[in-house]
Amino acid sequence: MDLKIKKIKKEFEIIGFYTAFRFEWNEAFVFNGERHHVWEIVYLDSGKVEVTEDEKVYTLESGNIILHAPMEFHRIRSTSGTSPSGYIISFEASGELPEQLKNGIFVLDPNSASNYEAIVKQIQAFLKVPTGEFAGQEAAARLTAFLIEIANKTGSTERLSNTQSAMAYRTIISLMTKRVCENCSLSEIAAECNISTSYLKLLFKTYAGIAPKQYYAHLRTQYAAELLKNGLSSAEIANRMNFSSPSYFSSFFKKQTHLLPSEYQKNAPV
């Protein structure tokens, strides 16, 4: 018999877990914004939360799930006077997860929700104590199948907040991203968005939980890191991004990352 093999192309692979836990927050809960190098999944089984994800502001309700991609700014807080509860998983993956998982909210049917809760408990057992030679691999395979299923079948919904303040916040972040090389002042950004500097600061307090200068510095650092990975020198980056000198760029980058540009460039993932 002449057998032919059709090889499997692995688009992504889950290679490790960091956390898996149930949360129960009160109506005043606020988690201020952050970026980190891992994937994070937030599933809500009761209540409502407001989630800021880069420039977008979402409302999650019971039965909703959202994924935060690595280095994507995100913040979460209770809303509508509810006490939300649900499950969170953070993990590391190699390769590229389906693009549709990076945008919007997914609504899980009861079977998918039960499956997700079971996956969380399986990962918890793996993280807590030794549970067998293949326990981690089994949990990774199950989560992989779950992610592929919701990417292919569930479909996401934007459900963006369309309040005046949320739309103003989106405009500011879009402008900051567009002007990441220009080293704009807050007054320049506020003027271009036709708002006051004090209102700009209030929007960041509401939706980001960090100061606008800090957020803009994060954007500039992230962009500079990509340029370093592409082989540009500190002098080239300082010139492109309007830093006064290569040495000032180096001190700025080290303050943000705790690494000199040369150290980051040497250890940056390919």
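Source: prediction; values computed, not measured.

How each quantity is defined
- Residues numbered from 1 in each chain as written.
- Predicted model: local features only at pLDDT ≥ 70, side-chain atom pairs only at ≥ 80, totals over all residues.
- Heavy atoms only, no water.
- Helix = DSSP H or I, 4+ residues; strand = E, 2+ residues; numbered from the N terminus.
- Expected span 1.5 Å × (residues − 1).
- Buried < 20%, exposed > 50% of the residue type's maximum accessible area, 1.4 Å probe, protein only.
- Arc of directions from axis to C-beta.
- Core = buried A, V, L, I, M, F, W, Y, C linked by side-chain atoms within 4.5 Å.
- Contact = heavy atoms within 4.5 Å.
- Phe/Tyr/Trp six-rings, centres within 6.5 Å; stacked < 30°, edge-to-face > 60°.
- Lys NZ or Arg CZ within 6 Å of the ring centre and 35° of its normal.

Chemist: Before we go on, may I ask you to explain helix H1 (residues 110-128) in this structure?
Modeler: The α-helix advances 3.6 residues per turn, and as a result positions three or four apart in sequence lie on the same side. Compared with the 27 Å implied by 1.5 Å per residue over 19 residues, the 27 Å span of H1 between its first and last C-alpha is a close match. All buried positions along H1 are accounted for by Ser112, Ala113, Tyr116, Ile119, Val120 and Ile123. Viewed end-on, H1 has its buried residues packed into an arc of 115°, placing them on one side of the element. Seen from the buried face of H1, the exposed residues on the opposite side, beyond 90 degrees, are Pro110, Asn111 and Lys128.

Chemist: Looking at this structure, I do not really get the nonpolar core. What am I missing?
Modeler: Looking at soluble globular proteins, one finds that nonpolar side chains tend to be buried together. Among the nonpolar cores identified, the biggest contains 40 residues, and Tyr169, Ile172, Met176, Phe204 and Tyr215 are the most heavily contacted of them. Among the secondary structure elements, those contributing two or more residues to this core are helix H3 (164-178), helix H4 (186-192), helix H5 (197-207), helix H6 (212-229), helix H7 (234-240) and helix H8 (246-257). Top contributing element to this core by residue count: H6, with eight residues. Discounting residues that sit within four places of it in the chain, phenylalanine 204 has contacts with Tyr169, Ile172, Ile173, Met176, Gly209, Ile210, Ala211, Pro212 and Tyr215. Counting 30 residues, the second-largest nonpolar core is a separate cluster that includes Ala20, Leu67, Leu143 and Phe146.

Chemist: Quick question: what am I supposed to make of H5 here?
Modeler: Taken together, the buried positions of H5 are Leu200, Leu203, Phe204 and Tyr207. The buried residues of H5 occupy an angular sector of 95° when projected down its axis, which confines them to one face. Among the exposed residues of H5, those oriented more than 90 degrees off its buried face are Ser198 and Lys205. As for H5, its buried residues are in contact with strand E4 (49-53), strand E5 (56-60), strand E7 (74-78), H3, H4 and H6.

Chemist: Could you clarify how one ought to interpret the packing of aromatic side chains in this entry?
Modeler: When we look at a pair of aromatic rings, we describe it by the centre distance and by the angle of the planes. Counting across every chain of the model gives 15 aromatic pairs. A ring pair is formed by tryptophan 25 and phenylalanine 29, whose centres lie 4.1 Å apart and whose planes are at 5°; its orientation type is stacked. Through successive ring pairs, a cluster of aromatic residues spans Phe243, Tyr248, Phe249, Phe252, Phe253 and Tyr264. Directly above the aromatic system of tyrosine 215 lies the positively charged group of arginine 35, at a separation of 5.0 Å from the ring centroid.

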